[in-house]
Amino acid sequence: IMANFLQIKKQFRKLSMSESCLLIKTIYNFSKETRLLLEGLLLGSDAVAKEFIQQMERETVGKVYRSGMPDTPNGRTINAIIAHARKSQVNLRTMMELEKLAYRSFIEFLNEYGGGSESFDWQGCKHLETYLRLANDKNITSEERDGIFQEVKKYLLQKDNMFTDDLDDVYREATGITVNRR
């Protein structure tokens, strides 16, 4: 793979300005993910943050609370959105919002409909854990972190069903705070 990259790099350097611009335009238009990657890397993460959040909203709460027949959030699509956002180097706040939408979609679906894919329980836990880990980032003030932890605790207490034990354990391990139900 590295040999191919070196050959491509060598050939790219031989291109004229107009040929290199045409190549970049072709790559840019290749797919939505490629466009977002280039925009994120070259224009900054703020240029693509809104797009990733909108994609995640459509795949998560947009499906769970869709009028008429609700749809099931797709874990692979959710994980792909997060992976593309990470590669596009979106900022911490955007990653937190994506993870929050992800964990809440799995919890909401299980809470509203009492079932779903077998993976929903652990997907909810995984994304909750990632969200809480991001809240522990050095760029989050202790006051803000405490507020986030309390908001999550309040949210978890509202979702009192048979799927909550693992979520409570993840929360306790990540924050040191116990979710006291009853």
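Please refer to the structure placed before this passage.
Treat the numbers as computed from the prediction; the structure is a model and nothing was measured. Per chain, residues are indexed from 1 in the order of the written sequence. Selection of residues for local features in this predicted model requires a pLDDT of at least 70, selection of side-chain atom pairs for listing and counting requires 80 or more, and totals for whole chains, interfaces and linings are taken over all residues. Computation of side-chain values: all heavy atoms of the structure, hydrogens and water removed.

*Asks:* Requested: an account of helix 10 (residues 164–175), with residues and values cited.
*Replies:* A run of H or I in DSSP counts as a helix once it spans at least four residues, and a run of E counts as a strand once it spans at least two, with each numbered from the N terminus. Given the number of residues in a helix, its expected span is that number minus one, multiplied by 1.5 Å. Taking 1.5 Å per residue, twelve residues should reach 16 Å; helix 10 reaches 16 Å between its end C-alpha atoms and fits that length. Among the residues of helix 10, those classed as buried are Thr-164, Leu-167, Asp-168, Val-170, Tyr-171 and Thr-175. The arc enclosing the buried residues of helix 10, seen along the axis, measures out at 160°, which places them on a common side. Seen from the open side of helix 10, the exposed residues pointing more than 90 degrees away from its buried face are Asp-165 and Glu-173. On its buried face, helix 10 sits against helix 7 (92–113), helix 8 (120–135) and helix 9 (142–158). Trailing helix 10 by a residue or two, Gly-176 shows a phi angle of about 80°, which is positive. Buried residues are those whose accessible area, probed at 1.4 Å on protein chains only, stays under 20% of the maximum for their type, while exposed residues exceed 50% and partly exposed ones sit between those limits. To be clear, the arc concerns the directions from the helix axis to the C-beta atoms. Here a residue-residue contact requires only that any non-hydrogen atoms of the pair lie within 4.5 Å.

*Asks:* Requested: an account of the pattern of salt bridges, with residues and values cited.
*Replies:* Salt bridges are counted wherever a side-chain nitrogen of Lys or Arg sits within 4 Å of a carboxyl oxygen of Asp or Glu. Here the structure, examined in full by the defined rule, presents nine salt bridges. Close ionic contact of Asp-71 with Lys-63 constitutes a salt bridge, the shortest N to O distance being 4.0 Å. A salt bridge links Asp-169 to Arg-172; the nearest nitrogen and oxygen atoms lie 3.0 Å apart. Of this pair, Asp-169 and Arg-172 are both found in helix 10, three residues apart, which corresponds to roughly one turn of the helix. Note on Asp-169: relative accessible area 32%, which makes it partly exposed.

*Asks:* Which residues make up the nonpolar core, and what values go with them?
*Replies:* Formed by 38 residues in total, the largest nonpolar core has its most connected members in Phe-52, Met-96, Leu-98, Leu-128, Ile-148, Val-152 and Leu-156. Residue assignment for this core shows that the elements contributing at least two residues are helix 4 (46–59), helix 6 (75–87), helix 7, helix 8, helix 9 and helix 10. Ranked by residues supplied to this core, first place goes to helix 7 with eleven residues. For this analysis, a nonpolar core means a set of buried residues of the types Ala, Val, Leu, Ile, Met, Phe, Trp, Tyr and Cys, connected via side-chain atoms within 4.5 Å.

*Asks:* Explain the environment of Ile-148 residue by residue, including any values.
*Replies:* Following the sequence through the fold, Ile-148 ends up in helix 9. Residues Ile-148 and Ala-135, spaced 13 residues apart in sequence, show a C-alpha to C-alpha distance of 7.2 Å. Among residues more than four places away in sequence, those in contact with Ile-148 are Met-96, Tyr-131, Ala-135 and Ile-140.

*Asks:* How would you sum up the packing of helix 7 against helix 9? Please name residues and give values.
*Replies:* What counts as an axis is a line fitted to C-alpha atoms, over the stretch in contact for a helix, and the angles between N-to-C directions run from 0 to 180 degrees. It is at 12 Å that the axes of helix 7 and helix 9 come closest, and there the two elements cross at 15°. With respect to helix 9, the axis of helix 7 lies roughly parallel. Here helix 7 and helix 9 pass one another in a crossing that is right-handed. Contacts between helix 7 and helix 9 involve Arg-93, Met-96, Lys-100, Tyr-103, Arg-104, Ile-107 and Glu-108 from the former and Glu-144, Ile-148, Glu-151, Val-152, Tyr-155 and Leu-156 from the latter. The classification used treats Ala, Val, Leu, Ile, Met, Phe, Trp, Tyr, Cys and Pro as nonpolar, Asp, Glu, Lys and Arg as charged, and all other residues, Gly among them, as polar. A breakdown of the residues in the contact of helix 7 with helix 9 according to their chemical character gives seven nonpolar, no polar and six charged. For classification purposes, angles smaller than 35 degrees are called roughly parallel, those larger than 145 roughly antiparallel, those between 65 and 115 roughly perpendicular, and all remaining angles oblique. For a crossing to be left-handed, the near helix must be turned anticlockwise from the far one by less than a right angle; the clockwise case is right-handed.

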